[in-house]
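Below, each chain spelled out in residue letters.
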Amino acid sequence: MNYEVIIIGGGPAGMSAALVLGRSRIKTLILNTESPRNNITTHSHGFLTQDGKHPSEIFKIAKHQLEKYTSVDYKKEKAISVKDENNNFSVETEHDTYSAKRVVIATGHKDNIAEIGIEGLTEVYGKSVYPCPFCDGFEMADKKLAVFGGVLMAPMFSKTISHWSKNVIVFTNGEKVEDEELVSNLTKKGIQIIDKKIKKLISTEGQLTGVQLIDETIIEREGGFLPDTKSTESTDFAKKMNIPTEKGYFGMEFYKVDENKETEIKGFYIIGDARTGWSGVASSVAEGSELAAAITHQIIEENW
């Protein structure tokens, strides 16, 4: 079970990398559990030629298009461990063990919406409350919107959301914003901050209709955004390899990689959400393609 490259994760980043590696006739294995983070949403947006399609449809097309590349094997298996053994990696799954000189981690993140602690949030997440305005802001434009989050991220995030709608209310769920200048600036722009505790979100079949506060007041809202989904890595392979990190957007941690997305461990790469926490579909596809081209050049040099 020897390969030149093993890709763990079959999201946009991993499948894109596999496509280019397949076209380069590099013996590649994709290991994928087929449980993507974005499957909860109704449509995927912002990816040219695929705008508005469900993520599962995009994946189905990608998987089908890979079938003609005989150097690429696709297996619906869960990787359990990755070990670096004398410049060769051993990847164990539930069913078998595979080896390759190069391993790509493209397993992404998983959202933990229930940990936010707002009753009714899981019912509307991905249907009328979203994390990314570039993905879903167009569909939510000019609606009565809520921004749910803590005092550090939510008020600043509301500035971005106000580009799509001028009717925005920030709900900090019991936390008080102490920065008076920030409150004043948002107020001048028509953005209200409500710091009372939220009792629950009211919705019908995933469509947010109101925010009920602890004092029973109901604030009408038609949708919303969430700057922090409490996401965590889907796998801990990079952590177990002790790959160093650095601070990224909104305090998130990025794994340190070079221009080829290669870590300090030679042959060990991290791309997409697995590297950044949140990359978006189009960026992940681009990253996967660029990585595969870089790996191809590396292999060409080694074989020269």
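Whatever comes next refers back to the structure up there.
These lines cover the structure that appears in this document, whether it is placed above or below. (Residues numbered from 1 in each chain as written. Predicted model: local features only at pLDDT ≥ 70, side-chain atom pairs only at ≥ 80, totals over all residues. Heavy atoms only, no water.)

Observations concerning the pairing of strand β12 (residues 198-204)
(1) Moving on: Sheet topology note: the β12/strand β13 (residues 207-213) ladder contains 6 bridges and is antiparallel. Its bridge partner lying in β13, I198 is registered against L213. (Pairing = 2+ DSSP bridges. Helix = DSSP H or I, 4+ residues; strand = E, 2+ residues; numbered from the N terminus.)

Side note on the pairing of strand β2 (residues 28-31)
(1) Moving on: Neither face of β2 is exposed, since T28 and I30 on one face and L29 and L31 on the opposite face are all buried.
(2) Moving on: Two elements, strand β1 (residues 2-8) and β2, share 4 bridges in a ladder whose sense is parallel. Within β2, the residue paired with V5 across the bridge is T28.
(3) Moving on: In this fold, the crossover linking β1 to β2 by way of helix α1 (residues 12-23) has right-handed handedness.
(4) Moving on: One ladder, built from 4 bridges, connects β2 with strand β3 (residues 72-75); its direction is parallel. By the bridge assignment for β3, L29 is matched with D73. (Buried < 20%, exposed > 50% of the residue type's maximum accessible area, 1.4 Å probe, protein only. Right-handed = clockwise from strand over helix to strand, strands pointing away.)

Concerning the packing of aromatic side chains
(1) Moving on: Overall, the coordinates contain 6 aromatic pairs when judged by the stated rule.
(2) Moving on: A centroid spacing of 6.3 Å and a plane angle of 50 degrees characterise the contact between Y130 and F225, whose relative ring orientation is tilted. Taken together, the positions of Y130 in strand β8 (residues 129-130) and F225 in strand β15 (residues 223-225) put the pair 95 residues apart, joining distant regions of the chain.
(3) Moving on: Among the residues examined, Y130 registers a relative accessible area of 7% and is labelled buried.
(4) Moving on: Judged by its relative accessible area of 1%, F225 is buried.
(5) Moving on: Above the ring of Y3, the side-chain terminus of K27 is found at 5.3 Å from the ring centroid. (Phe/Tyr/Trp six-rings, centres within 6.5 Å; stacked < 30°, edge-to-face > 60°. Lys NZ or Arg CZ within 6 Å of the ring centre and 35° of its normal.)

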